[in-house]
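Observations on the model geometry
Residues per chain are reported as follows:
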Amino acid sequence: MAEKFDNLEEHLEKFVENIRQMGIIVSDFQPSSQTGLNQKLNYMITGLQDIEKCRQQLHEINVPLEAFEYIDQGRNPQLYTKECLERALAKNEQVKGKIDTMTKFKSLLISELGKVFPEEMTKYKAIHGDDPPLIVTLDL
Amino acid sequence: MTEMFSTLYGQNDAQGPARSSSLGFGPGNPPPPLPPNQVPMAAQMPPQLGDEGPALRKPGAMNEPFYLLRELPVGNELTGNTNLITHYNLEHAYNKFCGKKVKEKLSNFLPELPGMIDWPGTQDGSSLRSLIEKPPVCGNSFSPLTGASLTGFRLHTGPLPEQYRLMHIQPPKKKSKHKHKHNRPQDPIPQETPSDSDPKKKKKKRDDDPDRKKKKKDKKKKKNRHSPDHPGLAGSQPNSLR
(Lines give C-alpha, C1' and ligand atoms only; values in the text may rest on other atoms or scores of the structure.)
Protein backbone atom coordinates (compact mmCIF):
# COMPACT_ATOMS: atom_id res chain seq x y z
CA MET A 1 0.00 0.00 0.00
CA ALA A 2 2.71 2.43 0.97
CA GLU A 3 4.67 1.45 -2.12
CA LYS A 4 1.91 2.73 -4.37
CA PHE A 5 2.03 6.10 -2.63
CA ASP A 6 5.84 6.20 -2.73
CA ASN A 7 5.78 5.49 -6.45
CA LEU A 8 3.24 8.23 -7.12
CA GLU A 9 5.06 10.65 -4.85
CA GLU A 10 8.32 10.04 -6.67
CA HIS A 11 6.73 10.66 -10.07
CA LEU A 12 5.02 13.81 -8.84
CA GLU A 13 8.23 15.19 -7.36
CA LYS A 14 10.09 14.60 -10.60
CA PHE A 15 7.26 16.21 -12.54
CA VAL A 16 7.19 19.28 -10.32
CA GLU A 17 10.97 19.60 -10.46
CA ASN A 18 10.86 19.40 -14.24
CA ILE A 19 8.23 22.13 -14.39
CA ARG A 20 10.26 24.28 -12.05
CA GLN A 21 13.33 23.94 -14.22
CA MET A 22 11.27 24.83 -17.26
CA GLY A 23 10.19 27.96 -15.43
CA ILE A 24 13.81 28.88 -14.80
CA ILE A 25 14.67 28.42 -18.47
CA VAL A 26 11.71 30.47 -19.59
CA SER A 27 12.27 33.28 -17.09
CA ASP A 28 15.36 34.40 -18.97
CA PHE A 29 15.25 32.64 -22.27
CA GLN A 30 18.24 32.35 -24.57
CA PRO A 31 18.33 30.83 -28.09
CA SER A 32 20.67 28.09 -26.89
CA SER A 33 18.05 27.03 -24.33
CA GLN A 34 15.56 25.98 -26.99
CA THR A 35 16.82 22.40 -27.20
CA GLY A 36 16.74 22.01 -23.44
CA LEU A 37 13.23 23.45 -23.32
CA ASN A 38 12.01 21.00 -25.96
CA GLN A 39 13.54 18.17 -23.98
CA LYS A 40 11.86 19.36 -20.80
CA LEU A 41 8.53 19.53 -22.61
CA ASN A 42 8.82 15.91 -23.63
CA TYR A 43 9.90 14.97 -20.09
CA MET A 44 6.73 16.67 -18.91
CA ILE A 45 4.64 14.48 -21.21
CA THR A 46 6.38 11.28 -20.09
CA GLY A 47 5.87 12.44 -16.50
CA LEU A 48 2.15 12.74 -17.16
CA GLN A 49 2.17 9.26 -18.69
CA ASP A 50 3.86 7.84 -15.58
CA ILE A 51 1.34 9.55 -13.31
CA GLU A 52 -1.47 8.17 -15.47
CA LYS A 53 -0.10 4.65 -14.95
CA CYS A 54 -0.09 5.16 -11.17
CA ARG A 55 -3.76 6.04 -11.32
CA GLN A 56 -4.82 2.45 -11.92
CA GLN A 57 -3.18 1.27 -8.72
CA LEU A 58 -4.92 3.90 -6.63
CA HIS A 59 -8.46 3.85 -8.00
CA GLU A 60 -9.84 2.39 -4.74
CA ILE A 61 -8.33 5.11 -2.54
CA ASN A 62 -10.93 7.54 -1.20
CA VAL A 63 -10.06 10.99 0.03
CA PRO A 64 -12.60 12.99 2.08
CA LEU A 65 -13.74 16.20 0.41
CA GLU A 66 -13.25 18.14 3.62
CA ALA A 67 -9.51 17.58 3.34
CA PHE A 68 -9.61 19.27 -0.07
CA GLU A 69 -11.10 22.36 1.52
CA TYR A 70 -8.15 22.62 3.85
CA ILE A 71 -5.75 22.39 0.92
CA ASP A 72 -7.68 25.00 -1.04
CA GLN A 73 -7.41 27.37 1.89
CA GLY A 74 -3.66 26.85 2.05
CA ARG A 75 -3.87 24.98 5.33
CA ASN A 76 -2.14 21.81 6.41
CA PRO A 77 -4.40 18.79 5.71
CA GLN A 78 -3.03 17.10 8.82
CA LEU A 79 -5.16 19.60 10.72
CA TYR A 80 -8.21 17.85 9.26
CA THR A 81 -6.98 14.50 10.62
CA LYS A 82 -6.30 16.13 13.98
CA GLU A 83 -9.76 17.67 14.14
CA CYS A 84 -11.38 14.35 13.12
CA LEU A 85 -9.61 12.54 15.95
CA GLU A 86 -10.50 15.25 18.46
CA ARG A 87 -14.14 15.23 17.40
CA ALA A 88 -14.26 11.42 17.56
CA LEU A 89 -12.81 11.43 21.06
CA ALA A 90 -15.19 14.15 22.23
CA LYS A 91 -18.18 12.26 20.83
CA ASN A 92 -16.92 9.02 22.36
CA GLU A 93 -16.72 10.69 25.76
CA GLN A 94 -20.15 12.23 25.33
CA VAL A 95 -21.75 8.88 24.46
CA LYS A 96 -19.92 7.15 27.30
CA GLY A 97 -21.34 9.74 29.66
CA LYS A 98 -24.85 9.07 28.37
CA ILE A 99 -24.38 5.30 28.72
CA ASP A 100 -23.08 5.67 32.25
CA THR A 101 -25.96 7.96 33.21
CA MET A 102 -28.56 5.62 31.70
CA THR A 103 -27.00 2.59 33.40
CA LYS A 104 -27.05 4.35 36.74
CA PHE A 105 -30.65 5.43 36.16
CA LYS A 106 -31.64 1.87 35.27
CA SER A 107 -30.13 0.46 38.41
CA LEU A 108 -31.76 3.11 40.58
CA LEU A 109 -35.11 2.63 38.86
CA ILE A 110 -35.01 -1.14 39.26
CA SER A 111 -34.10 -0.87 42.91
CA GLU A 112 -36.84 1.67 43.62
CA LEU A 113 -39.45 -0.26 41.65
CA GLY A 114 -38.41 -3.37 43.50
CA LYS A 115 -39.19 -1.61 46.77
CA VAL A 116 -42.56 -0.34 45.62
CA PHE A 117 -43.76 -3.23 43.40
CA PRO A 118 -41.92 -6.32 44.64
CA GLU A 119 -44.24 -8.85 43.04
CA GLU A 120 -44.32 -7.12 39.66
CA MET A 121 -40.55 -6.74 39.61
CA THR A 122 -40.17 -10.43 40.40
CA LYS A 123 -42.30 -11.23 37.34
CA TYR A 124 -40.30 -8.74 35.28
CA LYS A 125 -37.01 -10.32 36.31
CA ALA A 126 -38.41 -13.76 35.54
CA ILE A 127 -39.07 -12.64 31.94
CA HIS A 128 -35.91 -10.70 31.35
CA GLY A 129 -33.65 -12.80 33.41
CA ASP A 130 -32.22 -12.05 36.75
CA ASP A 131 -30.76 -8.65 35.92
CA PRO A 132 -29.39 -7.39 39.20
CA PRO A 133 -29.21 -3.63 39.57
CA LEU A 134 -25.87 -2.31 38.39
CA ILE A 135 -24.17 0.18 40.62
CA VAL A 136 -21.93 2.33 38.46
CA THR A 137 -19.24 4.24 40.24
CA LEU A 138 -17.66 7.18 38.52
CA ASP A 139 -13.91 7.41 38.84
CA LEU A 140 -13.46 11.12 39.42
CA MET B 1 -45.12 8.25 44.14
CA THR B 2 -46.60 5.26 45.98
CA GLU B 3 -49.86 7.13 46.59
CA MET B 4 -50.22 8.03 42.90
CA PHE B 5 -49.88 4.41 41.79
CA SER B 6 -52.10 3.12 44.58
CA THR B 7 -54.97 5.35 43.42
CA LEU B 8 -54.63 3.82 39.99
CA TYR B 9 -54.41 0.26 41.27
CA GLY B 10 -56.54 0.36 44.39
CA GLN B 11 -59.85 0.58 42.50
CA ASN B 12 -59.00 -2.34 40.27
CA ASP B 13 -58.42 -4.85 43.02
CA ALA B 14 -61.91 -6.25 42.69
CA GLN B 15 -61.55 -6.95 39.00
CA GLY B 16 -60.68 -10.29 37.54
CA PRO B 17 -57.69 -11.54 35.64
CA ALA B 18 -57.82 -8.56 33.28
CA ARG B 19 -55.99 -6.54 35.94
CA SER B 20 -52.80 -8.40 35.35
CA SER B 21 -52.40 -6.77 31.95
CA SER B 22 -53.03 -3.20 33.11
CA LEU B 23 -49.75 -1.47 33.86
CA GLY B 24 -51.08 1.71 32.34
CA PHE B 25 -50.89 5.33 33.25
CA GLY B 26 -54.37 6.21 32.16
CA PRO B 27 -57.51 6.40 34.23
CA GLY B 28 -57.12 2.80 35.24
CA ASN B 29 -59.40 1.05 32.75
CA PRO B 30 -57.91 -2.25 31.71
CA PRO B 31 -58.13 -3.34 28.09
CA PRO B 32 -60.98 -5.74 27.27
CA PRO B 33 -60.12 -9.40 27.64
CA LEU B 34 -59.23 -11.23 24.41
CA PRO B 35 -61.83 -13.63 22.98
CA PRO B 36 -60.78 -17.26 23.39
CA ASN B 37 -60.32 -17.92 19.63
CA GLN B 38 -57.80 -15.12 19.19
CA VAL B 39 -54.09 -15.84 19.56
CA PRO B 40 -52.05 -13.43 21.68
CA MET B 41 -50.71 -10.44 19.84
CA ALA B 42 -47.08 -11.39 19.92
CA ALA B 43 -47.55 -14.54 17.87
CA GLN B 44 -50.08 -12.99 15.52
CA MET B 45 -48.10 -9.89 14.63
CA PRO B 46 -47.21 -9.91 10.95
CA PRO B 47 -43.60 -9.16 10.09
CA GLN B 48 -44.26 -5.83 8.35
CA LEU B 49 -45.94 -4.45 11.44
CA GLY B 50 -43.11 -5.64 13.56
CA ASP B 51 -40.89 -3.61 15.73
CA GLU B 52 -39.09 -0.75 14.07
CA GLY B 53 -35.92 -1.35 16.01
CA PRO B 54 -32.81 -3.17 14.83
CA ALA B 55 -33.22 -6.44 12.94
CA LEU B 56 -31.79 -8.43 15.87
CA ARG B 57 -34.83 -7.67 18.07
CA LYS B 58 -37.83 -9.95 18.01
CA PRO B 59 -40.88 -8.26 16.50
CA GLY B 60 -43.94 -7.26 18.43
CA ALA B 61 -44.70 -6.58 22.02
CA MET B 62 -46.14 -8.93 24.60
CA ASN B 63 -49.15 -8.11 26.66
CA GLU B 64 -48.57 -10.74 29.37
CA PRO B 65 -47.86 -10.08 32.19
CA PHE B 66 -47.21 -6.40 31.41
CA TYR B 67 -48.83 -4.39 28.65
CA LEU B 68 -46.51 -3.60 25.70
CA LEU B 69 -43.61 -5.37 27.32
CA ARG B 70 -40.86 -5.59 24.71
CA GLU B 71 -37.93 -7.85 24.33
CA LEU B 72 -34.66 -6.31 25.38
CA PRO B 73 -32.40 -5.47 22.42
CA VAL B 74 -29.41 -7.68 21.80
CA GLY B 75 -26.40 -6.00 23.31
CA ASN B 76 -23.80 -4.72 20.92
CA GLU B 77 -20.24 -5.45 21.96
CA LEU B 78 -18.87 -2.19 20.61
CA THR B 79 -20.51 0.84 22.17
CA GLY B 80 -19.48 4.30 23.18
CA ASN B 81 -18.48 2.81 26.50
CA THR B 82 -15.29 1.56 24.85
CA ASN B 83 -12.39 3.84 24.03
CA LEU B 84 -12.68 3.57 20.26
CA ILE B 85 -9.26 5.07 19.63
CA THR B 86 -7.67 2.24 21.60
CA HIS B 87 -10.02 -0.30 20.02
CA TYR B 88 -9.00 0.68 16.48
CA ASN B 89 -5.30 1.05 17.42
CA LEU B 90 -5.19 4.76 16.68
CA GLU B 91 -3.18 5.76 19.75
CA HIS B 92 -0.07 6.39 17.76
CA ALA B 93 -1.95 8.54 15.27
CA TYR B 94 -3.66 10.42 18.10
CA ASN B 95 -0.37 11.17 19.85
CA LYS B 96 1.21 12.19 16.56
CA PHE B 97 -1.49 14.65 15.52
CA CYS B 98 -2.96 15.78 18.83
CA GLY B 99 0.03 15.43 21.13
CA LYS B 100 2.28 17.70 19.15
CA LYS B 101 1.49 21.02 17.59
CA VAL B 102 0.61 20.66 13.93
CA LYS B 103 1.70 23.61 11.83
CA GLU B 104 -0.97 25.63 10.13
CA LYS B 105 0.40 26.29 6.68
CA LEU B 106 0.35 24.00 3.68
CA SER B 107 4.01 24.78 3.01
CA ASN B 108 4.90 23.07 6.30
CA PHE B 109 3.27 19.90 4.98
CA LEU B 110 4.87 20.19 1.56
CA PRO B 111 8.17 22.03 2.12
CA GLU B 112 9.72 20.94 -1.18
CA LEU B 113 6.91 22.26 -3.34
CA PRO B 114 7.92 25.48 -5.10
CA GLY B 115 5.76 28.53 -5.45
CA MET B 116 3.34 30.33 -3.15
CA ILE B 117 1.17 27.44 -2.01
CA ASP B 118 -0.10 29.07 1.17
CA TRP B 119 -2.42 31.31 -0.77
CA PRO B 120 -6.01 30.15 -1.26
CA GLY B 121 -6.54 28.25 -4.49
CA THR B 122 -9.55 30.33 -5.43
CA GLN B 123 -7.36 33.40 -6.06
CA ASP B 124 -5.51 31.94 -9.01
CA GLY B 125 -8.02 29.30 -10.05
CA SER B 126 -5.89 26.40 -8.83
CA SER B 127 -8.36 25.04 -6.28
CA LEU B 128 -9.10 21.34 -6.03
CA ARG B 129 -12.79 22.13 -5.69
CA SER B 130 -12.87 23.63 -9.17
CA LEU B 131 -11.16 20.50 -10.46
CA ILE B 132 -13.95 18.37 -9.00
CA GLU B 133 -16.74 20.64 -10.21
CA LYS B 134 -15.30 21.01 -13.71
CA PRO B 135 -13.15 17.95 -14.37
CA PRO B 136 -10.73 18.21 -17.27
CA VAL B 137 -11.22 16.21 -20.46
CA CYS B 138 -9.75 12.76 -19.91
CA GLY B 139 -9.40 9.69 -22.05
CA ASN B 140 -6.95 11.03 -24.59
CA SER B 141 -3.53 9.47 -24.49
CA PHE B 142 -0.41 11.49 -23.89
CA SER B 143 1.76 11.49 -26.99
CA PRO B 144 5.18 13.15 -27.25
CA LEU B 145 5.42 16.41 -29.15
CA THR B 146 6.70 16.16 -32.68
CA GLY B 147 8.97 18.67 -34.41
CA ALA B 148 6.02 20.51 -35.90
CA SER B 149 4.29 20.79 -32.53
CA LEU B 150 7.44 22.06 -30.90
CA THR B 151 7.63 25.04 -33.23
CA GLY B 152 4.89 26.58 -31.15
CA PHE B 153 7.27 26.66 -28.19
CA ARG B 154 9.88 28.89 -29.78
CA LEU B 155 10.29 31.77 -27.37
CA HIS B 156 11.70 35.25 -27.63
CA THR B 157 14.98 35.88 -25.91
CA GLY B 158 15.20 37.98 -22.83
CA PRO B 159 13.64 38.07 -19.36
CA LEU B 160 9.97 37.61 -18.63
CA PRO B 161 7.65 40.60 -18.43
CA GLU B 162 7.13 41.95 -14.93
CA GLN B 163 3.59 40.68 -14.62
CA TYR B 164 4.77 37.07 -14.86
CA ARG B 165 7.85 37.36 -12.65
CA LEU B 166 6.00 36.86 -9.37
CA MET B 167 5.41 33.22 -10.24
CA HIS B 168 9.00 32.44 -9.35
CA ILE B 169 9.06 34.20 -6.02
CA GLN B 170 9.10 31.73 -3.19
CA PRO B 171 8.46 32.52 0.45
CA PRO B 172 11.68 32.81 2.47
CA LYS B 173 12.56 29.34 3.66
CA LYS B 174 13.74 28.83 7.19
CA LYS B 175 17.17 27.38 7.66
CA SER B 176 16.73 23.68 8.17
CA LYS B 177 19.14 21.60 10.19
CA HIS B 178 19.05 18.75 7.71
CA LYS B 179 21.00 19.42 4.56
CA HIS B 180 19.23 18.73 1.31
CA LYS B 181 20.76 15.92 -0.66
CA HIS B 182 19.67 17.26 -4.01
CA ASN B 183 21.39 20.44 -5.04
CA ARG B 184 18.83 22.26 -7.08
CA PRO B 185 19.70 25.13 -9.43
CA GLN B 186 18.75 28.36 -7.76
CA ASP B 187 15.70 30.23 -8.83
CA PRO B 188 16.31 33.56 -10.55
CA ILE B 189 16.26 36.45 -8.10
CA PRO B 190 13.92 39.12 -9.44
CA GLN B 191 15.31 42.63 -9.73
CA GLU B 192 13.99 45.10 -7.25
CA THR B 193 11.53 47.39 -8.89
CA PRO B 194 8.93 49.74 -7.44
CA SER B 195 6.22 47.42 -8.68
CA ASP B 196 7.57 44.46 -6.69
CA SER B 197 5.29 43.77 -3.78
CA ASP B 198 7.59 42.47 -1.07
CA PRO B 199 5.79 43.41 2.11
CA LYS B 200 8.69 42.57 4.40
CA LYS B 201 11.11 44.83 2.59
CA LYS B 202 8.55 47.58 2.44
CA LYS B 203 7.83 47.20 6.12
CA LYS B 204 11.51 47.46 6.90
CA LYS B 205 11.77 50.64 4.89
CA ARG B 206 8.72 52.06 6.59
CA ASP B 207 10.07 51.13 9.97
CA ASP B 208 13.38 52.68 9.17
CA ASP B 209 11.89 55.93 7.95
CA PRO B 210 9.94 56.88 11.08
CA ASP B 211 12.87 55.76 13.21
CA ARG B 212 15.17 57.93 11.21
CA LYS B 213 12.78 60.81 11.45
CA LYS B 214 12.52 60.42 15.19
CA LYS B 215 16.27 60.32 15.53
CA LYS B 216 16.58 63.43 13.43
CA LYS B 217 13.98 65.18 15.54
CA ASP B 218 15.75 64.19 18.73
CA LYS B 219 19.02 65.49 17.40
CA LYS B 220 17.40 68.76 16.42
CA LYS B 221 15.85 69.14 19.84
CA LYS B 222 19.15 68.52 21.54
CA LYS B 223 20.85 71.07 19.34
CA ASN B 224 18.18 73.60 20.03
CA ARG B 225 18.35 73.08 23.77
CA HIS B 226 22.02 73.70 23.89
CA SER B 227 21.82 76.83 21.76
CA PRO B 228 21.72 80.15 23.64
CA ASP B 229 18.71 81.33 21.63
CA HIS B 230 16.39 78.65 23.13
CA PRO B 231 13.70 80.43 25.23
CA GLY B 232 13.19 77.69 27.79
CA LEU B 233 16.79 77.26 28.56
CA ALA B 234 17.17 79.81 31.33
CA GLY B 235 14.17 78.57 33.32
CA SER B 236 14.82 74.89 33.12
CA GLN B 237 18.46 74.92 33.92
CA PRO B 238 19.69 74.97 37.53
CA ASN B 239 21.30 78.06 38.80
CA SER B 240 24.36 78.77 36.79
CA LEU B 241 27.32 80.65 37.80
CA ARG B 242 26.17 84.19 37.87
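As annotated in an unreviewed UniProt entry, chain B carries the name Mediator of RNA polymerase II transcription subunit 19 and comes from Salvelinus namaycush. What UniProt records for chain B under Subunit (unreviewed entry) is the sentence "Component of the Mediator complex." The UniProt entry for chain B carries this comment under Subcellular location (unreviewed entry): "Nucleus".

Chain A is annotated in an unreviewed UniProt entry as Mediator of RNA polymerase II transcription subunit 10 of Salvelinus namaycush. Recorded in UniProt for chain A, the comment headed Subunit (unreviewed entry) runs: "Component of the Mediator complex." Listed in UniProt under the heading Subcellular location (unreviewed entry), the comment for chain A reads: "Nucleus".

With that settled, the discussion passes to the overall build of chain B. A count of helices and strands for chain B gives 10 helices and one strand. Listed by position from the N terminus, the elements making up chain B come as α-α-α-α-α-α-α-β-α-α-α. Approximately 21,400 Å² of chain B is accessible, and the part contributed by carbon and sulfur atoms is 57%.

All names here are of chain B. Unusually for a residue other than glycine, L68 sits at a positive phi of about 60°. Within the element layout of this structure, L68 appears in the loop between helix 2 (41–44) and helix 3 (84–87). One non-glycine residue, N89, lies in the positive phi region at around 55°. Following the sequence through the fold, N89 ends up in the loop between helix 3 and helix 4 (91–99).

Attention now moves to the interface of chain B and chain A. Quite often, the size of an interface is put as the accessible area lost when its parts meet. Of the residues lining the interface, 58 residues belong to chain B; the matching set on chain A comes to 49 residues. Among the residues of chain B in contact with chain A, F97(B), F142(B) and L155(B) are the three that bury the most area, contributing 13% of the side total. Close ionic contact of R129(B) with E69(A) constitutes a salt bridge, the shortest N to O distance being 3.1 Å. For the interface between chain B and chain A, the tally reads 17 residue pairs in polar contact (both at pLDDT 80 or more). Taken together, the elements giving at least two residues each to the side of chain B that touches chain A come down to helix 1 (2–10), helix 3, helix 4, helix 5 (106–109), helix 6 (128–133) and strand 1 (158–159) of chain B. Top contributing element to the side of chain B that touches chain A by residue count: helix 4 of chain B, with four residues. Residues of the side of chain B that touches chain A, tallied by class, amount to 33 nonpolar, 14 polar and 11 charged. Here strand 1 (residues 28–29) of chain A pairs with strand 1 of chain B via two bridges, running antiparallel. What sits directly across from D28(A), in strand 1 of chain B, is P159(B).

The next thing to look at is the side chain of N92(A). Within the secondary structure layout, N92(A) lies in helix 4 (residues 78–116). Not counting the four nearest positions on each side in its chain, N92(A) is found in contact with G80(B), T82(B), N83(B) and L84(B).

Before going further, it helps to examine the pattern of salt bridges. Residues and elements named next belong to chain A. Applying the stated criterion across every chain, the model contains nine salt bridges over all chains. For E60, the salt bridge identified is with K4, shortest N-O distance 3.9 Å. Within this pair, whereas E60 is found in the loop between helix 2 (34–57) and helix 3 (65–72), its partner K4 is found in helix 1 (residues 2–27), the two being separated by 56 residues in sequence. Residue D100 pairs with K96 through a salt bridge whose shortest N-O separation is 3.1 Å. Of this pair, D100 and K96 both sit in helix 4, four residues apart, roughly one helical turn. Taking relative accessible area as the criterion, D100 reaches 16% and is therefore assigned buried. With relative accessibility at 34%, the residue K96 sits in the partly exposed group.

Thresholds, definitions, all that
Residues numbered from 1 in each chain as written. Chains lettered and ligands numbered in written order. Predicted model: local features only at pLDDT ≥ 70, side-chain atom pairs only at ≥ 80, totals over all residues. Heavy atoms only, no water. UniProt positions renumbered as here; feature names shortened; annotations may be inferred. Helix = DSSP H or I, 4+ residues; strand = E, 2+ residues; numbered from the N terminus. Areas by Shrake-Rupley, 256 points an atom, 1.4 Å probe, with all protein chains shown as cover. Contact = heavy atoms within 4.5 Å. Buried area = accessible area lost by both parts, 1.4 Å probe. Salt bridge = Lys/Arg side-chain N within 4 Å of Asp/Glu carboxyl O. Polar contact = N/O pair within 3.5 Å; in protein donor to acceptor, adjacent residues only side chain to side chain. Nonpolar A, V, L, I, M, F, W, Y, C, P; charged D, E, K, R; others polar. Pairing = 2+ DSSP bridges. Buried < 20%, exposed > 50% of the residue type's maximum accessible area, 1.4 Å probe, protein only.

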